[in-house]
Amino acid sequence: KRGTILLYKIVINNVKNTHEYEELVKIFLKPDEYDVRSEGSGDLVFEGTADKNKTKRQIFKTLASLTGKRPEWGIITGIRPVKLFGDLKRTLGSLEKASLEMKKKYLVSQEKTDLLEEIYSRQREVFGDAKKHSAGIYIGIPFCPSRCLYCAFTSNKADEKEIKKYLTALYREIDAVSEMMEKKGIYAESVYVGGGTPTVLSEKDLSELLGKIREKIYCHKTEEFTVEAGRPDTITPEKIRTIEKNGGTRISINPQSMKDETVKAIGRNHTSAEIREAVKCTEEISKLSINTDIIAGLPGEDVGDFSSTVEEILKLKVDNVTVHSLAVKRKSRLAEEDKEYHYSHGQIVKDMLKKADEILRNAGYSPYYLYRQKHMSGSLENLGYARPSHEGLYNIRIMDEHQMIIALGAGGISKAYDFDSRTLERVPNVNNYKIYIERIDEMIKRKQERLFEEDKGC
């Protein structure tokens, strides 16, 4: 006992690193309810084997019996279950066998297995495989007007002088990578400008950035060009025109909630009225496909509040709606205030997701991509919905991980993909934008050596 809290001493013998198993334990137990070790005596003892999944199944079944919980994602703790499903389908030869394996080997529920099959099939039908010399390009702008309560991403408040310094370094990386891509015959299938909030840039700076991308990265084979415009208070008609003029096809305007009290409480400086105005303006002056992000499980909201947000979003007739389960990042303000938030709000988030799915499907939207994160309320998922022909290409490719990803800017993680061996190597940039500026030559050299050297597949 620790006070009134039971501490399980969990021992997993014959393993060097218990981290992967602890990620599963965390789904069932709060951090102060257990201690995981690789040797010694304990209340719960498991034998590590060469088959990690076998050990995980033992842990899952034991903890399910002790706690009465049965997490719907089974023993899967990674963020890409659709990728796993696709790999199983390719190995086993059919959707039916892949589904059976998800349930039998990974203990995934029937409902989630059906969802994986639906999403995988839709992705295959809409986009198929990435071509060998294609790449997804991510360009990060790590600045925001304010930091949200739940956020721990690489986003900063900075003055115009700092932003100029950052853009100067970013342009150097874009120029260098453009040359590398041309020499190796790699083209941008999709471009995604994210952050942060890219539209926090001034109209002049945004125009220069997108013009640089248009000149150096965009080409006639580029199928999608997305710009995050998450905060409506950073959007102007001129910025919308600039995005479309430079080849933009898709924009993301993110309310998170349409309840003004919630938006204020999480640290954002806009209102639901500004969301409506930003969407209306975008629709009136451009042909950009519009996505909106909303979050289930925000502090103070119930199922009725969240359902109202979904209904309000549908009135705007946007093309995509991404429904996030709140993930409480360890370094966020919310985690500091309530470290057990994602445990206590699991059921309400599950109810919110179920209601959103019902509303969106009835309105003609279908799920097309899915991913998970650590510390998600209820250990659930994020789910992207779209109208037919409005699926987000970059979203699918980045989660599928069967294509080279070239990430430019602070915090970007590139991925060198070898089509022959089907292996992936992560090539990160530094997170801190000031260090990125100082070490820009190193970031460029790192890409040259680890992404574009001659023996790398692409």
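Residues numbered from 1 in each chain as written. Predicted model: local features only at pLDDT ≥ 70, side-chain atom pairs only at ≥ 80, totals over all residues. Heavy atoms only, no water.

Side note on the overall build of the protein
Then comes step 1: For the protein, the count of helices and strands is 17 helices and 14 strands.
Then comes step 2: The globule rule puts the C-alpha radius of gyration for 458 residues at 23 Å, and the 22 Å found for the protein is close to it.
Then comes step 3: For the protein, the spread of C-alpha atoms along the three principal axes comes to 65 × 55 × 45 Å.
Then comes step 4: For the protein, buried positions account for 55% of its 458 residues.
Then comes step 5: Nonlocal contacts in the protein, meaning residues at least 24 apart in sequence, comprise 76% of its contacts between residues at least 6 apart. (Helix = DSSP H or I, 4+ residues; strand = E, 2+ residues; numbered from the N terminus. Rg over C-alpha atoms; globule rule 2.2 N^0.38 Å. Buried < 20%, exposed > 50% of the residue type's maximum accessible area, 1.4 Å probe, protein only. Contact = heavy atoms within 4.5 Å.)

A short note on the packing of aromatic side chains
Then comes step 1: Per the stated rule, a full pass over the model turns up 12 aromatic pairs.
Then comes step 2: Ring geometry for Phe 143 and Tyr 433: centres 5.1 Å apart, planes at 70 degrees, overall edge-to-face. In this pair, Phe 143 sits in the loop between strand 4 (134–141) and helix 6 (160–184) while Tyr 433 sits in helix 16 (residues 433–438), placing the two residues 290 residues apart along the sequence.
Then comes step 3: Since its relative accessible area comes to 1%, Phe 143 is described here as buried.
Then comes step 4: Taken together, Phe 143, Tyr 166, Tyr 433 and Tyr 436 form an aromatic cluster joined through their ring pairs.
Then comes step 5: Against the face of Tyr 187 rests Lys 221, its NZ or CZ located 4.7 Å from the ring centre. (Phe/Tyr/Trp six-rings, centres within 6.5 Å; stacked < 30°, edge-to-face > 60°. Lys NZ or Arg CZ within 6 Å of the ring centre and 35° of its normal.)

A few points about unusual backbone geometry
Then comes step 1: At the junction of Gly 195 and Gly 196, the peptide bond is cis and its omega measures out at 15 degrees in the coordinates.
Then comes step 2: Topologically, Gly 196 is positioned in the loop between strand 5 (187–195) and helix 7 (203–216).
Then comes step 3: For Leu 107, which is not glycine, the phi torsion reads 60 degrees and is therefore positive.
Then comes step 4: Along the chain, the position of Leu 107 falls in the loop between helix 4 (95–104) and helix 5 (110–126).
Then comes step 5: The buried category is assigned to Leu 107, whose relative accessible area is 9%.
Then comes step 6: For Lys 317, which is not a glycine, the phi torsion comes out positive at approximately 55 degrees.
Then comes step 7: Within the element layout of this structure, Lys 317 appears in the loop between helix 11 (303–315) and strand 9 (320–325).
Then comes step 8: Residue Lys 317 is classed as exposed on the basis of its relative accessible area, which comes to 55%.

Considerations on the pattern of salt bridges
Then comes step 1: With the rule as written, the count across this model stands at 29 salt bridges.
Then comes step 2: In this structure, Lys 315 engages Glu 312 in a salt bridge whose closest nitrogen and oxygen atoms are separated by 3.0 Å. Of this pair, Lys 315 and Glu 312 both sit in helix 11, 3 residues apart, which is roughly one turn of the helix.
Then comes step 3: On the basis of relative accessible area, Lys 315 is assigned to the exposed category, the value being 60%.
Then comes step 4: A salt bridge links Glu 425 to Arg 450; the shortest N-O distance between them is 3.1 Å. Taken together, the residues span a long stretch of sequence, with Glu 425 in strand 14 (residues 423–428) and Arg 450 in helix 17 (residues 440–450) at a distance of 25 residues.
Then comes step 5: Overall, the relative accessible area of 25% leaves Glu 425 in the partly exposed class.
Then comes step 6: Assessed through its relative accessible area of 29%, Arg 450 is described here as partly exposed.
Then comes step 7: Residues joined by salt bridges that share partners form a network here, namely Arg 80, Lys 83, Glu 401 and Lys 415. (Salt bridge = Lys/Arg side-chain N within 4 Å of Asp/Glu carboxyl O.)

Read these as geometric descriptors, not functional statements.
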